[in-house]
Structure formats: C-alpha cells, structure tokens
Amino acid sequence: MEELTLASFVKMEEEICDTVISQQEYLCKLDSYVGDGDHGVTAARGFRAVREMLHTQEHKTIAQVLSRSAELLMQTMGGAIGPIFGSIFSGMADVAEGKNVLACSDICAMLRRGLDQAQLTGGAKEGDRTLIDALSPAVRQLEQDVQKGETLPAALKNASQAADQGVENTKQMTARKGRAKFLGEKSKGYQDAGATTLSIVLRAMVDYCAKS
Amino acid sequence: MKKISNAPETLVTDELQGFVKLHSDKVRLIEGTTCVARRIPKEKGKVKLVIGNGAGHEPAVIGWVGKGMFDLNVVGDVFTAPSGDKIYQGIEAIDDGSPILLMVQNHAGDVLNANYAYSKAKKKGIDIYKVIFYDDIASAPKEFMEDRRGIGGMYFYAKIVGAMAEAGASAEECISMFEAVRDNTRTYGVAFSACTHPATGMEMFGYLKDNDLIEPGMGVHGEGSGNHCVPMPKAAELAEMTGNVLLEDKPYHANDNLLVVVNGAGSTTCMEMNIFYNEFERFLTKKQINVVGGCAGNYLTTQELAGLSVSLCSVNQTMLDLWNAPCCCAILTK
C-alpha cells in the first residue's frame, strides 16, 4: 500500500483503536509503577469513543475523521493526556485538510504537525519522559525516509521501531512532566506509559499497512 | 476488590446522582453533565467560584459546593481532570453575566484543561478569571514554588474567598485574597496504608501494606516513591515531624495566627485525627504560635488510603472573619 484513501484511513484508525483497547491492562500496569495505574483505562476510554464514531458516522474527508477523533480524545480522556492526544490528532487534521489520499510524505507532515501541537499544548521536550520521547524520534525517522524515497510500509515500520527505541529510552529518564515528575530519580527504570501508547498507535499503523 | 459499584464506567455518574439526592437542598446536578452546581444560584453580579477536578477524592470538591463556597464543581473521571470542554459546558450552564473565577489545583491535567476552558469562555465573551493553587511542600523545593501540587490547603481558599465572593467582593478583590491565602498556606502529608483504585481494582501505595512504615510527602494519586518511608512514630513525634517541616518552609514565626486543617486521606479514623490535632496544637503552642481556628476530617481523600495532611495558613483579622463567616454546603455548615 503506497497511499491511504479515506476508506483505508478509517480502517487503519479502527485498527489503532482496537489495538490500544486490547492493551488496556498492560498500560495500567505500566502506569501503576509511577502513578495511579489508570492510564490504560483512560486511553481505552478515548479510543473506544473514537471507534464508536468511526462505526456510526458517515465520513466525508480524512481531515474530518481526524478532527472528530481529536475532539473525542480530548473530551473523553480528560487529564493531561486528553489535550495532548487531542493536539496530535488535530495537528494531523490541519495538514490533511483538502487531501483525498495520503502519501508517505503527507503522513510524515501530519505527524510532524501533530508532534508540534502536542509540544505546544503540554510543554514537554524530548527527554522529559513523556510520549514526546516516542513520537519525536519516529517523526525524525519518517522525515529521513521520505527524503530517501522509502515506501510507506517500510517508512512506517522504521518510524515505529524508532518509537519503540524511544520508549525503551524512557526507562533511563527522570520524569520532568506529569505526575511521575514528583518521583524524581525513582521514576527511572520504568518505561513511560504515555510513550508506550503512542508506540502502540504507530505499530497498529504498520500492521495495517503491512496486511492491506 | 470489595467496593460498592455497578460498573467502572458508571462510578462517577452513579456517585453524583446519589450525592445530589442526599443534598438536594444545597446542590443539583446539571442535566447530562457531571457538574454539581448550587441549588439556589448566587445573586447576579457576584463572583462565582468554579473548580474542575478528578473524582475519587470525595467528599472534595462536591462537598464544598454551596452557599459561601463553590458555585460549581465540574467532576472528571476517577483521578482524571475533566476535559476543557466539560469545564466550559459547566461554566456556560451557570453563566448569567456575573464574573467567573476558575480556581485550579496545580496538577498537569487540571491546568491544561482549565486553560482550554478559560480561553474558550473568554472567546465567548464570558467575564472569566483564573487562579492556580499550590501548597504541597513535598512536591518541589521552595525555589520552584509554582511547581508544587495543589492539595488539602484548598480548604482555606474555598472558605475564605468563598465568603468574600458571597459578600459581593469584586473579581480583583477575590483574586488578591486568593493569592494572599495561597502565599500564606503550606501543606505536608503522610500516608500509612495501601488503597485500591475503584475502577481498575489495582493497588496503590502497595509498599505500605503489611508493615509499620509511613511515607511522608506522598501525593494524592500514589505518586509517592516508597523511598522515604519511616517507621510509624508516636502521635507527638508525628506532630513534631510534620510541624517542623511546615514551620521551616514558610517560615511561620512565634505570634503568627494560624488556621490548621488536618485532612484525613480517606480511612483515617476520627479518633486518630483528634489525637493528632491535640498533639499538633501542643506543638504550635510550644512554639508560641496562636491557633485561631482549626478543623479535622476526611475531606480531600484518596479512596481508603490511611494517613493525613496538615495544612497551615497564617491569617489576619479579615481572613479570620471570612473563615468564620456563614456557609452552607454538604461538608460544612457555619
């Protein structure tokens, strides 16, 4: 698959929702080491609302699907993570505006805008032990692969691996944002739950593109 | 998990419905929302106090909605701040052109969503103001005061600024009183036990289970590290330990007039709080500090966590009069 149409984009987002929902317990467990252990519940609540919207509403454009998703994620997740995931999706919606099909370079530009918006909203930098530590290296990898002219499935796969590495790196970081920051050095040793969710989203995109 | 519930998804709505039935003379649930508002709104033109927060900390903050305290509490999911849209919807529902003062406890989610709601209300032409509260001295060093979490000391501004708004003070006056209360307040907490998240059934503060350890400086969401645990001291020692940290941070001095709130974390018994308060008052008296008002109870809780936080606020006569002014909400009637 080299391009995503509206129909395939909706299917891919369904796959994202299903995957995040299926990881609810795992994400709670990760959160429980440093927080109140409900990140999985929060994430699943958000993506369940998105899945419901994908199934029940008629979609005219990719941008519309994304902005509806952004709004739902923000509303239903709440907490700090709601506005941050909302920003990623609304940033992606802005770039997708007017596009009927998405090439690899489009998805790259969308994720870049999503990353920028999330950082604007949450104020986190790389190294603060947040989902930015997964998204940021993924976007950088994607940008390199777009330059090189990689295919969409290959570029997404590389980006997803960069995100996984980013998640792994959060184990060595001291939290500087969110509740975990109050743990200081003690937050080291555990991977960040939000970053993990982000990496799960990317992996679902890879899986969808690989089988379609 | 042995906790009364129907389903994790309906914990908050079920709870709020019960709460407004119990206190139907004081509060109402705004239909289709998780917003608890005063049954009889304040007179038009007076500043309305609004706060959003996660559920799971009851009786806070729904218990402080009523005459002389909050006008509206927007409740999120368990330990999760409500979304900016939900906060905005609540504000819109009570908006009658009176100034709105959005009060924010300093936690990442609360701040982000309050900022969103504030901007949206501002754009819609609502006369809105916003203030942020921080008081937990364990959460950041003094040089980073504004990074500190907002916890139990909120009782002071809810009551003092609440009384002021009720009396008809302007938004500017309420804000400057809020800032005075915040700057004069310090809080320090200790946890004694584990507790269970009511939606996931997962244990929080597990490292305090089946031992005689307590953890000073824990947060209200299990964001403690378990690294600083100490053996459970005697009441007098506990009062001295918490008291010394609080006095040094502000610092509070001899002849200061202080209000004291002993806030139970959820399952702290009334007996323990009375014993603690007795020792804490003794400690302050020894330091020649005047206790001009105080209360103890499970207010801002973390489920069935045992432990407590102590909040101090140095006050002048105006603040003290406002603290003692009449109010009528579920937790407190004066």
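Please read all numbers here as calculations on a predicted model, not as lab measurements.

Considering the overall build of chain A
Helix and strand counts for chain A come out as 9 helices and 2 strands. N-terminal to C-terminal, the α/β element order of chain A is β-α-α-α-α-α-β-α-α-α-α. Here the C-alpha atoms of chain A give a radius of gyration of 16 Å, agreeing with the 17 Å that 2.2 N^0.38 yields for 212 residues. Referenced to the eigenvectors of the C-alpha coordinate spread, the extents of chain A come out at roughly 45 × 40 × 30 Å. Each of the 212 residues in chain A was classed as buried or not, and the buried ones make up 61%.

Some points on the sheet that holds strand 11 (residues 213-216) of chain B
Residue and element names in this part refer to chain B. Ordered by their spatial adjacency, 6 strands build an open sheet running 12-11-8-15-13-14, and the pairing between neighbours is mixed. The open sheet has two edge strands with one neighbour each: strand 12 (230-231) and strand 14 (290-297). As judged from the 2 bridges shared by strand 8 (residues 185-191) and strand 11, these two strands associate in the antiparallel manner. The residue of strand 11 that forms the bridge with Val-190 is Pro-216. Contacts from helix 4 (residues 154-166) reach strand 8, strand 13 (257-264) and strand 15 (307-314) within the one sheet, and its direction differs from that of strand 15 by about 45°.

Considerations on unusual backbone geometry
Residues and elements named next belong to chain B. Cis geometry marks the peptide bond from Ala-60 to Val-61; its omega dihedral reads -10°. Locating Val-61 in the fold gives a position in the loop between strand 3 (48-55) and strand 4 (66-67). Geometrically, the link from Lys-250 to Pro-251 is a cis peptide bond, its omega value of -15° lying close to zero. For Pro-251, the location among the structural elements is in the loop between helix 6 (235-249) and strand 13. Even without a glycine there, the phi angle at Phe-205 is positive, about 55°. If you trace the backbone, Phe-205 turns up in the loop between strand 10 (203-204) and strand 11. Assessed through the 25 C-beta atoms surrounding it within 10 Å, Phe-205 is described here as buried.

Here's the deal with the nonpolar core
Membership of the largest hydrophobic core comes to 180 residues, with the highest contact counts inside it found for Leu135(A), Val65(B), Leu102(B), Tyr157(B), Ile160(B) and Val161(B). For this core, the two domains that each supply at least three residues are domain 1 (8-183) and domain 2 (186-321) of chain B.

Brief notes about the domain arrangement of chain B
Residue and element names in this part refer to chain B. Per the domain assignment, the segments of chain B are domain 1 (8-183) and domain 2 (186-321). Inter-centroid distance (C-alpha atoms) of domain 1 to domain 2 is 23 Å. Listed per partner, the contact involves 24 residues of domain 1 and 26 residues of domain 2. Looking at the side of domain 1 that touches domain 2 element by element, the count peaks at 4 residues for helix 4. Split into classes, the residues belonging to the side of domain 1 that touches domain 2 amount to 14 nonpolar, 5 polar and 5 charged.

Let's talk about the sheet that holds strand 5 (residues 72-78) of chain B
Picture the strands of a sheet paired through backbone hydrogen bonds; they go either parallel or antiparallel. Residues and elements named next belong to chain B. A sheet is described by the order of its strands in space; here 6 strands give the open sequence 1-2-5-3-6-7, paired in mixed fashion. Bordering the open sheet on either side are strand 1 (27-29) and strand 7 (128-133), each of which pairs with just one other strand. Between one strand axis and the next, the sheet turns through 25° on average, direction left out of account. With respect to the sheet, helix 4 is in contact with strand 3, strand 6 (100-105) and strand 7, its orientation differing from that of strand 3 by roughly 155°.

As for the pairing of strand 13 of chain B
Residue and element names in this part refer to chain B. For strand 13, the buried fraction is high: 7 of the 8 residues fall into the buried class. Summarising the sheet, strand 13 and strand 15 pair through 7 bridges and their orientation is antiparallel. The partner of Leu-258 across the bridge, within strand 15, is Ser-314.

Structural notes on the interface of chain B and chain A
Each partner contributes to the interface: chain B provides 28 residues, whereas chain A provides 24 residues. Only strand 5, helix 2 (84-94) and helix 3 (108-123) of chain B provide two or more residues apiece to the side of chain B that touches chain A. Looking at the side of chain B that touches chain A, the element that brings in the most residues is helix 3 of chain B, giving 5 residues. The residue makeup of the side of chain B that touches chain A, split by class, is 10 nonpolar, 14 polar and 4 charged.

Looking at the packing of helix 6 of chain B against helix 7 (residues 270-286) of chain B
Residues and elements named next belong to chain B. Remark: helix 6 packs on helix 7, axes separated minimally by 8 Å, with the N-to-C direction vectors making an angle of 55°. It follows from the interaxial angle that helix 6 and helix 7 lie oblique. For the element pair helix 6 and helix 7, the recorded crossing hand is right-handed. Contacts from Ala-235, Ala-236, Leu-238, Ala-239, Glu-240 and Gly-243 in helix 6 reach Ile-275, Phe-276, Glu-279, Phe-280, Phe-283 and Leu-284 in helix 7. For the contact of helix 6 with helix 7, a count of residues per class yields 9 nonpolar, 1 polar and 2 charged.

Quick notes on helix 1 (residues 11-22) of chain B
Residue and element names in this part refer to chain B. In this model helix 1 runs 17 Å from its N-terminal to its C-terminal C-alpha over 12 residues, within 8% of the 16 Å that 1.5 Å per residue would give. Among all positions of helix 1, only Val-12, Glu-15, Leu-16, Phe-19 and Val-20 are buried. Buried residues of helix 1, viewed axially, fall in a sector of 125°; they line one side. Exposed side of helix 1, more than 90 degrees from the buried face: Gln-17, Gly-18, Lys-21 and Leu-22 are the residues found there. Here the buried face of helix 1 lies against strand 1, strand 2 (35-38), strand 3 and strand 5.

Structural notes on the pairing of strand 6 of chain B
Residues and elements named next belong to chain B. Judged by how many residues are buried, strand 6 sits mostly within the fold: 6 of 6 residues are covered. Here strand 6 runs beside strand 7; their pairing, made up of 6 bridges, is parallel. Paired with Leu-101 across the two strands is Tyr-129, which belongs to strand 7. Considered for its hand, the β-α-β crossover made up of strand 6, helix 3 and strand 7 is right-handed.

What counts as what
Numbering of residues starts from 1 in each chain and follows the order in which that chain's sequence is written. A letter from A marks each chain and a number from 1 marks each ligand, given out in the order of writing. For a predicted model such as this one, the threshold for reporting local features is a pLDDT of at least 70, and the threshold for listing and counting side-chain atom pairs is 80 or more; totals across whole chains, interfaces and linings nevertheless cover every residue. A helix here means a DSSP run of H or I that spans at least four residues, while a strand means a run of E at least two residues long, and both kinds are numbered starting from the N terminus. The globule rule used for comparison is 2.2 Å times the number of residues to the exponent 0.38, while the radius of gyration itself is calculated over C-alpha atoms. Three exposure classes are used, based on other C-beta atoms lying within 10 Å of a residue's own C-beta, which is placed from the backbone: buried for 20 or more, exposed for 12 or fewer, and partly exposed in between. We call two strands paired when DSSP finds no fewer than two bridges between them. Throughout, a pair of residues is in contact if the C-beta atoms placed from their backbones lie within 7 Å. Here the axes come from fitting lines to C-alpha atoms, over the contacting stretch only for helices, and the angles between their N-to-C directions go from 0 to 180 degrees. To form a nonpolar core, buried Ala, Val, Leu, Ile, Met, Phe, Trp, Tyr and Cys residues must be joined through C-beta atoms within 7 Å. Segmentation into domains, and thus their bounds, comes from an automatic or database assignment. Under this grouping Gly is polar, as are all residues other than the nonpolar Ala, Val, Leu, Ile, Met, Phe, Trp, Tyr, Cys and Pro and the charged Asp, Glu, Lys and Arg. What sets the label is the angle itself: under 35 degrees gives roughly parallel, over 145 gives roughly antiparallel, 65 to 115 gives roughly perpendicular, and the rest give oblique. Take the far helix as the reference: if the near one is turned anticlockwise from it by less than a right angle, the crossing is left-handed, and if turned clockwise, right-handed. To estimate how far a helix should reach, multiply one less than its number of residues by 1.5 Å. Each direction from the helix axis to a C-beta atom contributes to the arc, which is the arc of those directions. Here, the term right-handed applies to a crossover whose path from the first strand over the helix to the second runs clockwise when the strands point away from the viewer.

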